[in-house]
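Listed here are the chains, written in short residue letters.
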Amino acid sequence: MNPDLIPSSLSDLYQTMIEAFSLQFDRLVDLVITPGWRQHQLVIILGLWALAYVLKLFTQGRWEAWARARSGWPKWRLRTLIQLMQRLTLVYFVTLSWMLYLVMQQITWPSRSYIIGVVATLATAWLAIALVARLVRNRTLRRIFKWAMWAYATLIALNLTDDVAGFLDGVAISIGDLHLSALGILKALLLIGVLLTLARLGTGAAERGLKRNDDISPSMQVLLAKGLQVVIYGAVFMAAIRTLGFDLTGIALLSGAIGVGIGFGLQKVVSNLISGIIILMDRSIKPGDVISLGDTFGWINALGARYVSVVTRDGREYLIPNEDLITNQVVNWSHSDRFVRLDLTFGTSYTDDPHNVRATAIHAVKSVERVLSGSGHDAVCHITGFGDSSVDYVLRFWISDPTKGLTNIRGNVYLALWDAFKAEGISIPFPQREVRLLNDDADAQQLATE
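If you're wondering where the values come from, they're calculated on a predicted model, not measured in any experiment. (Residues numbered from 1 in each chain as written. Predicted model: local features only at pLDDT ≥ 70, side-chain atom pairs only at ≥ 80, totals over all residues. Heavy atoms only, no water.)

This paragraph deals with the overall build of the protein. Along the backbone of the protein there are 15 helices and 10 strands. In the protein, which comprises 450 residues, the proportion classed as buried is 27%. Within the protein, residue pairs in contact and separated by at least 24 positions form 62% of the contacts whose partners lie at least 6 positions apart. Total accessible area on the protein is roughly 29600 Å²; 62% of this is exposed by carbon and sulfur atoms. (Helix = DSSP H or I, 4+ residues; strand = E, 2+ residues; numbered from the N terminus. Buried < 20%, exposed > 50% of the residue type's maximum accessible area, 1.4 Å probe, protein only. Contact = heavy atoms within 4.5 Å. Areas by Shrake-Rupley, 256 points an atom, 1.4 Å probe, with all protein chains shown as cover.)

Quick look at the structure:
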């Protein structure tokens, strides 16, 4: 591009853009109103679009019926099929345009099908970009990606990339050895977007692969996944800085000073991060473990870099900082295994045979679902003392699924004991107290002398 055409100020830039737009608009008007093969190609393109729309109306129902029969396909393939069906008119238009373009290239002059080829290229690019953009989950970023790629594809189809690249490269600022141009920024943003997308897809695939590996413990799976994310996203960050043209050695001192300041201000964040790494390495807790921390009882849903997600039986999800799990006492109900012993206390009347009470209690608890028996996990019942109103017992039994709840299993065991004791005629006494009412001072003095 001619350097003299590069604008030197914002007003020149605005004036240049207005002139370029006016020139292109005039060319478009001439293209539409001037008779000849250029006008004929525009009419052909409109006819192809109308034909594609008619084909969509006649075939959409059949395509939908065929798609419903593909229920066994993988999810990604079904999503792609849905996206294509939502753009069925564009798919037909791309197919018809390329077919007509290839035929016209063989039977007539190439110039008589040039516009059709450009439009077919643009339509194909737009269709491909619409499908690829679904990989970007964020809606705002997806729209930015679509418009940017559509603009780039349009420039390629119109053979304007060199002129636009030269123009954008001229819009720049220079600070010392740093030359920062609009073209460089656009290239850096595009590279960062591609690298971030690839990093997200790569880390997601690696994390799913680690979870399918039964030879690696759950805590090590999380540790390896987090380490891989740090390495990949760190590499993306470094590549982004290098792409923008910054010298990493020049900002080393500044980054060190900033790091010290951030370290003082983010002590808790760093502490939780280090605590999370320690938890993952010593395997004290892992996803799926049942823990108690203070008044919180639940199972670990996920291990994060800053916190641990604990889900309780009532559906609440507590985000406990990693530091609390290191410094406070944590009860891990399933650290070495998933067997949990529960104790229930009760009392019976002194008139009931203790041997019969113990046998009845053990038989009753064995009939409750979720209660284990055998393999060293048999239920036992012991006398713990002779109380004021009853003989006191403790009933101990084992379960292997604490995530299903503890209160409900205790309630079921108590109900089984109630039914069994009622069938055996065993009574559960309640405390009895003798109350004497004093009528006058004489009775009070007599009671005092006694």
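Okay, the confidence of the model for the protein next. When pLDDT is averaged across the protein, the result is 76; 74% of the residues are at 70 or more. In the model, residues 1-8 has pLDDT below 50 throughout and makes 9 contacts with residues more than four positions away in sequence or in other chains. (pLDDT = per-residue confidence, 0-100.)

Before going further, it helps to examine the pattern of salt bridges. Within the structure shown, the criterion is met by 3 salt bridges. Between D343 and R341 there is a salt bridge, and its shortest N-O distance comes to 3.5 Å. One salt bridge connects R370 with D401, and the closest N-O pair in it is separated by 3.1 Å. A residue pair is termed long-range when its members are at least 10 positions apart, and R370 in the loop between α13 (354-366) and β9 (380-386) and D401 in the loop between β10 (391-399) and α14 (407-424) qualify at 31 residues. Exposure class is identical for R370 and D401. Each is buried. (Salt bridge = Lys/Arg side-chain N within 4 Å of Asp/Glu carboxyl O.)

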